[in-house]
Structure formats: C-alpha cells, structure tokens
Amino acid sequence: MSFLGKKYSDATGLVVAFLLVSWLALCPDAAMAQSGGLSGPSSVTSDLEGDGLTDPQLRSNFPRNLAPGWFAWKDGLAERGFKFNIDYFALGQSSNSNLGAGEASSGIARFYGAWQATELGSLTFKLEHRHAYGAVAPQFLGLDGGALSITGTGFNDNGTMLTNLFWTQRAADGSWTVQVGQIDVTDFVDVYGLVSPWTSFQNLAFNTNPTINAPNPGLGIAGGVKLGANFYAIGSIADANADPTSPDFDVFSDGNLFKSLEIGYTSGFDRIYFDNIHLTLWHADAAADGSRPEDYGAAFSAAWFINNQWMPFIRAGKAKGTAALYEKSVSAGIGYFARNTDLVGLGLNWAEARGIAGSQATAELFYRFSISPGLQITPSIQFINNPLMSPGQSSITIAGLRARIVF
C-alpha cells in the first residue's frame with residue numbers, strides 16, 4: 001500500500017527499536033492477536049482467507065466454474081500447506097479538473113501466497129507488476145489535477161515489485177508472532193477494517209493514515225503480542241530506503257529506518273482489525289544524503305463492526321510534516337457490509353499540509369459489487385474541495401471504476 005520511497009539514518013534508533021520488537025516478540029506472558037500474525041485487511045493472509053466475518057453468500061461461482069481443474073489443483077496444494085492466488089486489478093478514473101490529463105488508468109497483476117513450512121512457521125510471498133495504461137496512473141491523477149491527494153492508492157506504474165518475502169514465526173500457545181524479511185508495514189501499521197485499497201476506499205485519506213511517512217516494502221522485522229484480555233501491541237522496524245523494484249540489504253549498512261509502535265484495544269482477538277481502537281507512534285530517520293529531515297508523528301484510530309454489518313470509523317493524525325503527505329488529518333465515515341460480501345463505504349477527510357496555506361476536504365463514496373469472491377466491480381466517486389495545489393479551482397470531482405478477478 002505504501003507509495004513513496006524514503007531514506008533515514010539513526011544507529012541509536014536501530015538499537016532501541018530492535019530491543020523493543022525483541023521484547024514484543026519474546027514476552028512469555030503475551031498472546032498474539034491472530035493465528036495469522038500481523039495480517040491486516042490488505043495483507044496476503046486476508047487476500048487468501050477473506051475476513052471470516054461477512055456473509056459468504058454467492059451470486060456466481062465465476063471463475064471457478066470456468067476452470068474447475070485449476071481450482072481443484074489449488075485446493076489440493078492448500079490441503080498440503082501451500083496456498084496461493086493470481087489476481088488482476090484494473091482501475092480507471094476521470095477528473096473534471098481544468099488542469100492535467102483528466103483521465104488515468106492502470107493495472108496490477110499479482111502472484112502471492114503462503115507456505116506453512118512447519119507447524120509454527122510459514123513463508124509469505126507477493127510479486128506484483130504495476131503498470132499504467134496511459135500517460136498518468138490513477139495514483140497521481142489528483143496531484144496532476146491540482147489536488148494534494150493520492151486518489152488511486154497503489155495504482156502506479158512502478159513495474160515489477162517484490163512486496164512480500166518474509167518468514168512468520170509463532171509461539172505454540174499463540175503468545176507472540178514475529179515477521180522477518182521483505183515486509184510491507186502498511187499491512188499492519190495503523191490499519192482498520194476498511195484500510196485496503198484493493199477492496200475498500202481508493203483515496204489515501206482513508207487508507208493508511210496520510211500523515212504517516214510509511215516506507216515502501218523492504219527489509220524489516222515486526223512483532224505483535226497480546227497485553228491482557230483485550231489489549232495488544234505491535235512494533236516494527238523497516239528499511240526507510242526500501243525500493244521493492246530492486247530489493248537489497250542496505251539497511252544494515254546505513255541504518256536509515258522507519259520505526260513504529262502501536263497500542264490497541266479490541267473486543268476479541270478474532271476481530272482485532274474490525275473492533276479496534278489504537279494509538280500509533282512512528283519515527284523516520286533523516287535521510288543520510290540530507291534530502292529529507294527527520295520525521296515523526298502520532299495517529300489515532302477507532303472503528304467498530306456493529307452487528308457484522310456497520311463499521312463507523314474516525315481516524316486522525318499529526319506529523320512533524322516534513323515528508324508525509326499531510327501534516328494534520330482527520331477522517332470519519334462508515335462502511336456497510338451487505339450480503340454476498342458487497343460493501344458500501346462513505347468517508348470524509350479534512351487535512352492541512354506543511355508550508356501550504358488553507359485546508360483541503362475530501363469525500364469518497366464507493367460500492368463494491370461482488371459477483372463472486374473471484375470477481376468484484378467497484379464504482380466510486382471522489383470530491384475534493386479547495387484543492388491545495390490549485391487555488392484557482394474550488395473543487396475537483398473524480399469518478400472511478402475498479403475491477404478485480406482472482407484465479
């Protein structure tokens with residue numbers, strides 16, 4: 001989910017954060033929230049397993065009914081501990097802005113899965129190819145039209161990317177979970193039930209908090225524990241210079257790091273990302289080459305899944321504001337999970353950016369129509385009032401259509 005690459009440096013921060021995550025991982029009295037580990041709604045685990053809470057009624061069995069042999073083979077592998085999917089997304093957007101291209105479209109092909117190598121250990125992988133169909137990808141259509149807004153999170157033209165390749169280790173009693181390897185911190189940092197740009201909102205204002213200067217997927221370590229009956233903690237350290245198009249181990253030589261700590265409350269640990277209130281603290285080292293100063297901030301999120309249908313949420317964040325998209329942001333909204341795993345979402349956001357006068361307001365409405373678990377169509381509309389990068393325009397409206405097919 002992350003969209004920009006960063007660079008940081010702070011050897012002391014490396015030591016402190018490593019000790020923090022080590023404690024989170026090894027505390028003998030803790031219990032991890034989910035058997036799946038740090039697997040938020042945008043993670044590989046969620047894409048493979050679903051949320052387990054919404055109504056699984058189906059309108060169609062497509063594309064399983066077109067290739068029963070293929071899916072039977074996949075099911076056989078899953079029984080032996082290897083699960084995988086191949087999916088494809090397409091997103092088209094059109095803007096009424098009097099600046100820029102006015103239209104954008106792109107696609108994402110993904111191959112991802114998990115191998116349960118041992119009873120308590122598994123290997124997760126995800127390989128993607130992100131490509132634009134035209135001159136502008138949807139991720140940048142808002143910026144191209146004069147709004148300080150990421151209107152198509154993840155839909156860029158970055159090419160081939162290794163976004164996941166990590167080992168997960170769990171305690172036998174579920175007391176802790178650790179991930180080590182090529183991780184994406186936006187899979188678990190400040191997430192909630194509607195965070196995924198693949199299945200929910202498209203605007204970054206309603207995904208991972210836009211005040212958090214999250215790095216691209218790269219080398220890192222993350223750990224999570226349960227603290228008492230309803231509280232949990234998640235900590236992470238990740239390479240702030242990460243480039244998933246060219247993975248490397250430079251984090252060990254330059255020490256430029258992103259660090260996060262989240263403390264949260266949930267009604268039950270099978271619903272950690274659905275009934276959830278949390279506070280996230282994060283810190284990003286200054287770039288070693290001086291291109292970006294140190295950055296840090298805090299984010300708050302509260303979302304609750306009422307009757308397994310309604311999910312109201314409120315989220316806020318404040319950052320030093322040197323590198324994240326916004327310095328201040330407040331979002332609120334609601335999601336309605338209908339039968340057949342349909343989903344309607346409405347979100348409102350207010351934001352300020354460092355060094356730019358005024359504030360910008362964003363609204364997004366979408367309807368995810370699930371023809372089947374393997375085929376979803378999502379029309380959406382975004383309205384941006386007072387676009388900060390184009391004071392001559394009072395507002396911008398962006399219509400979008402997203403499609404997903406899973407094999």
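Note that this is a predicted model, so its numbers are computed, not measured.

Chemist: Go over helix α3 (residues 68-79), please, and point to the residues and values.
Modeler: Its 12 residues give α3 an end-to-end C-alpha distance of 16 Å, which sits within 8% of 16 Å, the value for a rise of 1.5 Å per residue. Of all the positions in α3, only F71, K74, G76 and L77 are classed as buried. Along its buried surface, α3 packs onto β1 (82-95) and β16 (395-406). Taken from the residues just after α3, G81 is the one with a positive phi, measuring 100°.

Chemist: Quick rundown of the nonpolar core? Include the residues and the values.
Modeler: Among the nonpolar cores identified, the biggest contains 36 residues, and V185, F188, Y192 and L194 are the most heavily contacted of them. Looking at this core, the elements with two or more residues in it are β7 (231-239), β9 (276-284), β10 (295-303) and β11 (310-319). The residues touching V185, leaving out its near neighbours within four places in the chain, are A214, P215, S236, A238 and F258.

Chemist: Quick rundown of the environment of Y336? Include the residues and the values.
Modeler: With respect to the element layout, Y336 can be found in strand β12 (residues 328-337). In this structure, the C-alpha to C-alpha distance between Y336 and N308, residues 28 residues apart in sequence, is 8.9 Å. Not counting the four nearest positions on each side in its chain, Y336 is found in contact with Q309, W310, D342, L343 and V344.

Chemist: Any details on unusual backbone geometry? Residues and values, ideally.
Modeler: Residue P63 is reached from F62 by a cis peptide bond, and omega for that bond is 0°. Examined against the element boundaries, P63 turns out to sit in the loop between α2 (44-49) and α3. Despite not being glycine, D190 shows a phi value in the positive range, around 55°. Among the structural elements, D190 can be located in the loop between β5 (177-183) and β6 (218-227). Its relative accessible area of 0% is what places D190 among the buried residues.

Calculation notes
Residues numbered from 1 in each chain as written. Predicted model: local features only at pLDDT ≥ 70, side-chain atom pairs only at ≥ 80, totals over all residues. Heavy atoms only, no water. Helix = DSSP H or I, 4+ residues; strand = E, 2+ residues; numbered from the N terminus. Expected span 1.5 Å × (residues − 1). Buried < 20%, exposed > 50% of the residue type's maximum accessible area, 1.4 Å probe, protein only. Contact = heavy atoms within 4.5 Å. Core = buried A, V, L, I, M, F, W, Y, C linked by side-chain atoms within 4.5 Å.

As far as function goes, none of this settles anything; it's purely spatial.
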